[in-house]
Number of protein chains: 2
Amino acid sequence: MPDRHTLAEVERATRERVEHLPLDFTASHALLSLYRAANAVRGRLTNTVLRPNDLTWTGFLVLWTLWIWDSMETREVADSVGISKGTLTGVAKTLMARDLIERIPSVEDRRLVSLKLTPEGVRLMEEIYPEFNKTESTIVGDVSAEHLTVMTDSLRTLVESSEAE
Amino acid sequence: MPDRHTLAEVERATRERVEHLPLDFTASHALLSLYRAANAVRGRLTNTVLRPNDLTWTGFLVLWTLWIWDSMETREVADSVGISKGTLTGVAKTLMARDLIERIPSVEDRRLVSLKLTPEGVRLMEEIYPEFNKTESTIVGDVSAEHLTVMTDSLRTLVESSEAE
DNA sequence: CTCGTAACGTTCGTACCCAAACGATTTCAG
DNA sequence: CTGAAATCGTTTGGGTACGAACGTTACGAG
């Protein structure tokens, strides 16, 4: 039971505070809900599945990406996970220290480095991901299938709208 | 034009990689879209509106919260913004160094501290928020009104599902 | 009263997070 | 060929981000 203000209360207070301004409240509260939902979901998955396995959210996303795509060059991993390449350097260092991933320098272009799961990394993903996905399924379970489809499609539209510079 | 894999491509690759497992792909891709959308929106708003004004995302949220609610005790601010109270201490320090907020210790209960915008903080919010909201409106503009309503409601449901422990 | 307990904000250690600067490598124009 | 420009991953510096431990203050049972 969070003692914070609910999203509905924030919406009401916002209108009172700035109702004299010509603002798009619908957009504001849609994106506030987006931010809070992403935060809440991330926190829930981190606490129930990731932390017991000593993984961070970002570290897990890197592992998951490499699991799906087998091997990937670092800047692609960074872009796929949604972090800067500088951040990836640090995260990869952490994962390498645990022998979950390995670096593979390119022989054709010596500027390039690929990342790949180690057997131990594969083992960890095979163990963790079913549980991770089960929690995802639980979280999403309270939203009807039709609404979930609309939500997912709308979110993808937002990604495109935001990235169009 | 992002050179990363699109969400649709990730979805296809995921199915190929783990199709033999009994997983909830719908949930997985809904939440992946949620994470990416939140990241993209945050990045867009940060780059176009916040960074030119030397504000971080979290710093802005703290200012915005105090603007809406006038004055608030620190743990409420942290909860409202979605950060830990330890993080808030650091962010508040940064904002205080710029004279955008001020600390108000409680006289009745000397453990409590409230935060409040300074006149300069109010001035900054009055200047920035209309522009912030305008960008929000642009981002959301590609989603129809009906879909946006469904999306926002679904996101609120996700917040509740995630926070129910 | 008074001591145990709970609640507050801060501090601490570790890990992320970004933009900018950097050195190394490749490419391409002349 | 050769040097300027582009691209790669890393490093750097400052700012979040968290949980746990901490010192302070308030409260409640006896």
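Residues numbered from 1 in each chain as written. Chains lettered and ligands numbered in written order. Predicted model: local features only at pLDDT ≥ 70, side-chain atom pairs only at ≥ 80, totals over all residues. Heavy atoms only, no water.

1. Digging into the domain arrangement of chain A
Residues and elements named next belong to chain A.
Then, number 1: Looking at chain A, the domain boundaries give domain 1 (1-53) and domain 2 (55-137).
Then, number 2: Relative to domain 2, the C-alpha centre of domain 1 lies at a distance of 30 Å.
Then, number 3: Roughly 960 Å² of surface becomes buried between domain 1 and domain 2 when both sides are summed, with 67% attributable to carbon and sulfur atoms.
Then, number 4: Applying the counting criterion to the domain 1 and domain 2 interface returns 0 salt bridges.
Then, number 5: Joining domain 1 to domain 2, the criterion identifies 2 residue pairs in polar contact (both at pLDDT 80 or more). (Domains from an automatic or database assignment. Buried area = accessible area lost by both parts, 1.4 Å probe. Salt bridge = Lys/Arg side-chain N within 4 Å of Asp/Glu carboxyl O. Polar contact = N/O pair within 3.5 Å; in protein donor to acceptor, adjacent residues only side chain to side chain.)

2. A closer look at helix α3 (residues 57-69) of chain B
Since there are 3.6 residues in each turn of an α-helix, residues three or four apart along the chain are aligned in direction.
All names here are of chain B.
Then, number 1: Under the 1.5 Å per step criterion, the end-to-end length of α3 is 18 Å for 13 residues, consistent within 8% with the ideal 18 Å.
Then, number 2: Most of α3 sits inside the fold, with 12 of its 13 residues counted as buried.
Then, number 3: Every buried residue of α3 is listed here: Trp57, Thr58, Gly59, Phe60, Leu61, Val62, Leu63, Trp64, Thr65, Leu66, Trp67 and Ile68.
Then, number 4: A positive backbone phi angle near 70° is found at Asp70, which sits one or two residues after α3. (Helix = DSSP H or I, 4+ residues; strand = E, 2+ residues; numbered from the N terminus. Expected span 1.5 Å × (residues − 1). Buried < 20%, exposed > 50% of the residue type's maximum accessible area, 1.4 Å probe, protein only.)

3. Focus on the packing of helix α2 (residues 25-50) of chain A against helix α6 (residues 119-140) of chain A
Residue and element names in this part refer to chain A.
Then, number 1: Between α2 and α6, whose axes approach to 10 Å, the crossing angle comes to 140°. With respect to their mutual orientation, α2 and α6 come out oblique. In terms of crossing hand, the pair formed by α2 and α6 is right-handed. Every residue of α6 that contacts α2 at Val41, Arg44, Leu45, Thr48, Val49 and Leu50 is listed here: Ile128, Glu131, Phe132, Thr135, Glu136, Thr138 and Ile139.
Then, number 2: Here the contact of α2 with α6 is built from residues that sort into 7 nonpolar, 3 polar and 3 charged. (Axes fitted to C-alpha atoms, helices over the stretch in contact; angles between N-to-C directions. Parallel < 35°, antiparallel > 145°, perpendicular 65-115°, else oblique. Left-handed = near helix turned anticlockwise from the far one by under 90°. Contact = heavy atoms within 4.5 Å. Nonpolar A, V, L, I, M, F, W, Y, C, P; charged D, E, K, R; others polar.)

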